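Notes for the structure review
The lines below spell out each chain.
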Amino acid sequence: MLILGIETSCDETGVALYDSDQGLLAHALFSQIAMHADYGGVVPELASRDHVRKLLPLCDQVLAEAGKVRGDIGGIAYTAGPGLVGALMVGGSVAHALGFALGIPVLGVHHMEGHLLAPMLEDNPPAFPFVALLVSGGHTQLVLVNGIGEYEMLGESVDDAAGEAFDKTAKMLGLDYPGGPRVAALAEKGTPGRYRFPRPMTDRPGLDFSFSGLKTFTLNTVNAEEKAGGLDDQTRADIALAFEAAVVDTLTIKCRRALEQTGSKRLVIAGGVSANKRLRAGLEKMTEKLRAGVFYARPEFCTDNGAMIAYAGCQRMKAGQQDGDRIVAVPRWPM
Ligand code: KG4
Ligand code: ZN
């Protein structure tokens, strides 16, 4: 079965073709980052309009790359939420219009399930069950994954997501949107040990996270240095490193706890922040000590993309799931 996957939940138009026998055949992504950069963040109406412009040309592009025509498609999966409602509606409308015209099933899938399953697109994918750390711009969650759709929430952020904290820290340091990769790049030039930032909620039991206090700590440090006239490039890099080290340590401590608590030997990390090199290195080290394995997707499949939606949709459609006539767009949708 050949599945067309469509991702339009935020600021990336992602399209992919996944074949249940042959795997991923083609994928394409158009990022709206440059368009939103002038505004310091995503402007929802501009995002929707750009998805309208890019979606069908990208669909034709992946079909051409895979040597297929529209008539070869056996099903269409699209991101039904969570996300920006207008942006979701574009993906859902195009998916249903195409599906209706071609007489094939259409299914709205959960964006975070897409992220969660993205490491399955790589060689040596993890077997079920596994513990997953989902770290994106909107979510920080630890989930026990027993199979497709069998998710047990182990812990989550009580306030900001890790990616959101990266983005806000970037703003404080005068870096552009999206902040995560920019903070990480700046941190490369940082001096280890100049600052020690807190590791929130690691000194008490449980698997929940909190990143809002860390954000405030960063802001206070930036303000204090600015007041003292010392917010030069090196200081900004040192703050970026201290912040990144605190996030990585915090996530690593909670992941270790989740592995110990569940007895699992497999950890999957997914979502935009899972592209972070320091986080990957920290988790590699920790899992090695536990004689466990860590699994993640290539960087372009950590952030939003169509391939993860095609894959997740394919697994669910193989089990017979489909939308019927209803376009589904759910801006807030717990997994
Ligand atoms: O999964 P994603 O593309 O979109 C959401 O579903 O939210 O995640 C985007 C988030 C942003 O907050 C971005 O700053 C962060 O992932 N991010 C990173 C890195 N790459 C993306 N954070 C830290 N280090 C990175 N290398
Ligand atoms: Zn995402």
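One numbering rule holds for all chains: residues counted from 1, following each sequence as written. All chains are assigned letters beginning at A, and all ligands numbers beginning at 1, according to the order in which they are written. Whole-chain, interface and lining totals are the exception, using all residues; otherwise, since this is a predicted model, local features are given only for residues with pLDDT of at least 70 and side-chain atom pairs are given and counted only at 80 or more. Hydrogens are left out, water is left out, and the side-chain values use all remaining heavy atoms of the structure.

In the annotation of an unreviewed UniProt entry, the protein is listed under the name tRNA N6-adenosine threonylcarbamoyltransferase and assigned to Marinobacter azerbaijanicus. Under the Sequence similarities (unreviewed entry) heading, UniProt states for the protein: "Belongs to the KAE1 / TsaD family." UniProt positions are given in the numbering used here, feature names are shortened, and annotations may be inferred rather than shown by experiment. Listed in UniProt under the heading Catalytic activity (unreviewed entry), the comment for the protein reads: "L-threonylcarbamoyladenylate + adenosine(37) in tRNA = N(6)-L-threonylcarbamoyladenosine(37) in tRNA + AMP + H(+)".

So, on to the coordination of the zinc ion (ligand 2). The protein atoms donating to the zinc ion (ligand 2) are His 111 (NE2), His 115 (NE2) and Asp 304 (OD), with metal-donor distances spanning 2.0 Å. In this listing, donors mean N, O and S atoms no farther than 2.8 Å from the metal, or 3.2 Å for Na, K and Ca; water is missing from the atoms, so a site can look incomplete. Sites are called tetrahedral only when four donors show all angles between 85 and 135 degrees, square planar or octahedral only when four or six donors show opposite pairs over 155 degrees and all other angles between 65 and 115, and irregular in any remaining case. Taken together, the 4 donor atoms surrounding the zinc ion (ligand 2) define angles of 94 to 129° at the centre, an arrangement classified as tetrahedral.

This brings us to the site of ligand 1. Taken together, 18 residues surround ligand 1, and among them His 115, Gly 137, Asp 167, Gly 180 and Gly 272 come closest. Polar contacts, as used here, are pairs of N or O atoms within 3.5 Å; protein pairs need one atom able to donate a hydrogen and one able to accept it. Residues neighboring in sequence count only if both atoms are side-chain atoms. In this structure, His 111 approaches ligand 1 through a side-chain N or O atom, which is 3.1 Å from an oxygen atom. A distance of 2.9 Å separates an oxygen atom of ligand 1 from a polar backbone atom of Gly 180. Starting from 550 Å² of accessible surface for ligand 1 in isolation, the protein chains cover 85%. Listing elements by their share of the shell around ligand 1, those giving two or more residues are helix H4 (111-117), helix H5 (162-172) and helix H6 (179-187). Residue classes follow a fixed rule: Ala, Val, Leu, Ile, Met, Phe, Trp, Tyr, Cys and Pro count as nonpolar, while Asp, Glu, Lys and Arg count as charged, and any other residue, Gly among them, counts as polar. Across the shell around ligand 1, the residue classes break down as 5 nonpolar, 11 polar and 2 charged. Definition of nearness: a residue and a molecule or strand are near each other if at least one heavy atom of the residue lies within 4 Å of the molecule or strand. Throughout, the Shrake-Rupley method with a 1.4 Å probe supplies accessible areas, and for residues the shown protein chains are the sole cover considered. Secondary structure elements are taken from DSSP: a helix is a run of H or I of four residues or more, a strand is a run of E of two residues or more, and numbering for both begins at the N terminus.

A 1.4 Å probe rolled over the protein chains alone gives each residue an accessible area, and that area as a share of the maximum for its type sets the label: buried under 20%, exposed over 50%, partly exposed in between. Judged by how many residues are buried, strand S9 (residues 266-270) sits mostly within the fold: 4 of 5 residues are covered. Strands are labelled as partners when DSSP assigns at least two bridges between them. In this structure, strand S6 (residues 130-135) lies alongside S9, joined through 4 bridges in parallel fashion. What sits directly across from Leu 133, in S9, is Ile 269. One ladder, built from 4 bridges, connects S9 with strand S10 (residues 293-296); its direction is parallel. Considered in S10, the bridge of Ile 269 is made with Tyr 296. Taking the sense of rotation as the criterion, the β-α-β connection linking S9, helix H9 (residues 277-289) and S10 turns out right-handed. By convention a crossover is right-handed if, when the strands point away from the viewer, the path from the first strand over the helix to the second runs clockwise.

We define the nonpolar core as a collection of buried residues of types Ala, Val, Leu, Ile, Met, Phe, Trp, Tyr and Cys that are connected through side-chain atoms lying within 4.5 Å of one another. Grouped together as the largest cluster of nonpolar side chains are 43 residues, with contacts concentrated most on Leu 142 and Leu 267. Counting residues per element, the ones that place at least two in this core are S6, strand S7 (140-147), H5, H6, helix H7 (212-227), helix H8 (233-262), S9 and H9. Among the elements that line this core, the one with the most residues is H8, at 13 residues. Every residue pair with non-hydrogen atoms within 4.5 Å of one another is taken to be in contact. When neighbours within four sequence positions are excluded, Leu 267 is seen to be in contact with Val 131, Leu 133, Cys 255, Leu 259, Leu 283, Met 286, Thr 287, Gly 293, Val 294 and Phe 295.

This next bit is on the side chain of His 110. Tracing the backbone through its elements, the reader meets His 110 in strand S5 (residues 106-110). Under the relative-accessibility criterion, His 110 is labelled buried at 6%. In this view, His 110 contacts Gly 81, Pro 82, Trp 333, Pro 334 and Met 335; residues no more than four positions away in its chain are not counted.

Once that is clear, we can look at the sheet that holds S7. Here 5 strands make up an open sheet; going across it, the order is S8-S7-S6-S9-S10 and the pairing mixed. Two strands close off the open sheet at either side, each with one partner strand: strand S8 (150-156) and S10. Taking the axes of each pair of neighbouring strands and ignoring which way they run, one obtains an average angle of 25° across the sheet. Helix-sheet contacts for H8 involve S6, S7, S8 and S9, and the interaxial angle to S6 is about 155°. Lines fitted to C-alpha atoms define the axes, with helix axes restricted to the stretch in contact, and inter-axis angles between N-to-C directions lie between 0 and 180 degrees.

This part covers the pairing of S6. Among the 6 residues of S6, 6 are classified as buried, and the element is accordingly described as predominantly covered. From the end of S6 to the start of S7, which pair antiparallel, there are 4 residues.

The UniProt record annotates "binding site: substrate" (unreviewed entry) at Leu 134, Val 135, Ser 136, Gly 137, Gly 138, Asp 167, Gly 180 and Asn 276. Note that Val 135 resides in strand S6. Of the residues examined, Val 135 reaches a relative accessible area of 0% and is grouped as buried. For Val 135, the residues in contact, after removing those within four places along its chain, are Thr 140, Ala 162, Leu 251, Ala 270, Gly 271, Gly 272, Val 273, Ser 274 and Leu 279. Note that Asp 167 resides in helix H5. Sequence-distant contacts of Asp 167, defined by excluding residues within four places in its chain, comprise Pro 178, Gly 179 and Gly 180. Side-chain polar atoms of Asp 167 contact the backbone nitrogen of Gly 179, separated by 3.0 Å.

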